[in-house]
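# Examination of the molecular architecture
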Amino acid sequence: MNKSLIKDWEHTVTEKISSNKDAAGFPVPEDYNTTEDEVMEYAYDKQRILDRDEERKKHLVIPGIILVMPVIILSYFGDGTAILLLGVGIGVVLALLYYAVMRLIDKLQLKRMYNADVEKYIEAVMEY
């Protein structure tokens, strides 16, 4: 495995499973009403959702557009510091709202995909 690869939750889980699955006493997926493929898919999907927030912090195009649009729209109605500040204020509120909605969507998707059997198995793997 490439040492420069940044280890995240998914890689930690899958690496631990693949390197220890034949060891005595290591948790068996079937004992938790799941399969190894199901666990791998679950870990991949969960990590993808967890990575979205980090990606949003790196790519600020959408929040930047949200921040600037009110200034551009309000500049049509006149010039001045008051309109500029109002536009910036509205843009900041909209950008914060964007982040809040995106985090809420991520939490709802994590809640929707939650699988108690797979989570119990992953917890047993991590405790091994």
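Residues numbered from 1 in each chain as written. Predicted model: local features only at pLDDT ≥ 70, side-chain atom pairs only at ≥ 80, totals over all residues. Heavy atoms only, no water.

### Quick notes on the overall build of the protein
Stated formally: Put simply, DSSP marks the helices as runs of H or I at least four residues long and the strands as runs of E at least two long, and each gets a number from the N terminus on. With the radius of gyration taken over C-alpha atoms, the globule rule is written as 2.2 Å times the number of residues to the power 0.38. Classification of residues uses two cut-offs on accessible area relative to the type maximum, computed with a 1.4 Å probe and protein chains only: under 20% is buried, over 50% is exposed, and between them is partly exposed. Throughout, a residue-residue contact means that at least one pair of heavy atoms, one from each residue, lies within 4.5 Å. With residues, only the protein chains shown are counted as cover, and all accessible areas are computed by Shrake-Rupley using a 1.4 Å probe.
Regarding its fold elements, the protein presents five helices and zero strands. Going residue by residue from the N terminus, the α and β elements of the protein occur as α-α-α-α-α. Taking 128 residues into account, the globule formula puts the C-alpha radius of gyration at 14 Å, and the protein, at 22 Å, lies well above it. Across its three principal axes, the protein shows a C-alpha extent of roughly 75 × 35 × 20 Å. A buried classification covers 25% of the 128 residues belonging to the protein. Residue pairs at least 24 apart in sequence account for 75% of intrachain contacts in the protein once pairs closer than 6 positions are excluded. As presented, the protein carries roughly 9000 Å² of accessible surface, and 62% of it is formed by carbon and sulfur atoms.

### Examining the packing of helix α2 (residues 36-58) against helix α5 (residues 116-127)
Quick reminder of the rule: The angle between two axes is taken between their N-to-C directions and runs from 0 to 180 degrees, where each axis is a line fitted to C-alpha atoms and a helix contributes only its stretch in contact. In this scheme, roughly parallel covers angles under 35 degrees and roughly antiparallel covers those over 145, while 65 to 115 is roughly perpendicular and the rest are oblique. When residues are grouped by polarity, Ala, Val, Leu, Ile, Met, Phe, Trp, Tyr, Cys and Pro land in nonpolar, Asp, Glu, Lys and Arg in charged, and all others, Gly among them, in polar.
Following both chains from N to C, one finds α2 and α5 inclined at 90°, their axes separated by 10 Å at the closest point. The pairing of α2 with α5 is recorded here as roughly perpendicular in orientation. Contacts between α2 and α5 pair Glu 38, Val 39, Tyr 42 and Lys 46 from the former with Val 118, Glu 119, Tyr 121 and Ile 122 from the latter. Class assignment of the residues belonging to the contact of α2 with α5 gives a composition of five nonpolar, no polar and three charged.

### Section: the environment of Met 40
The residue Met 40 is located in helix α2 in this model. In the structure, Met 40 is positioned 29 residues away from His 11 in sequence and 9.8 Å away in space, judged by C-alpha atoms. Among all residues touching Met 40, those that are not within four sequence positions of it are Thr 14 and Ile 17.

### Let's talk about the pattern of salt bridges
Counted only if it meets this: For this document, the term salt bridge refers to a Lys or Arg side-chain nitrogen within 4 Å of an Asp or Glu carboxyl oxygen.
In the structure shown here, the tally under the stated rule is six salt bridges. Between Arg 103 and Asp 53 there is a salt bridge, and its shortest N-O distance comes to 3.3 Å. Of this pair, Arg 103 sits in helix α4 (residues 81-113) while Asp 53 is found in helix α2, placing the two residues 50 residues apart along the sequence. Residue class for Arg 103 comes out partly exposed when judged on its relative accessible area of 40%. Look at Asp 53 and you get buried, because its relative accessible area is 17%. One salt bridge in this structure joins Asp 106 and Arg 56, with 2.4 Å as the shortest N-O distance. Of the two residues, Asp 106 sits in helix α4 while Arg 56 sits in helix α2, which places them 50 residues apart along the sequence. Each of Arg 52, Arg 56 and Asp 106 takes part in salt bridges that share partners, so that together they form one network.

### Details of the packing of aromatic side chains
Heads up, the condition is: Pairing of aromatic side chains here covers Phe, Tyr and the six-membered ring of Trp, requires ring centres within 6.5 Å, and sorts the geometry by plane angle: under 30 degrees stacked, over 60 edge-to-face, intermediate tilted. In this scheme, the term charge over a ring applies when either NZ of a lysine or CZ of an arginine sits within 6 Å of the ring centre and within 35 degrees of the ring normal.
Inspection of the entire model under this criterion finds four aromatic pairs. Between Tyr 76 and Phe 77, the aromatic rings sit 5.3 Å apart at their centres with planes inclined by 80°, giving edge-to-face as the arrangement. Judged by relative accessible area, which is 70%, Tyr 76 ranks as exposed. Aromatic side chains Tyr 98 and Tyr 99 sit 5.5 Å apart centroid to centroid with 65° between the ring planes, which places their arrangement in the edge-to-face category. Note that Lys 46 overlies the ring of Trp 9, its terminal NZ or CZ placed 4.9 Å from the centroid.

In short, geometric facts, not functional conclusions.
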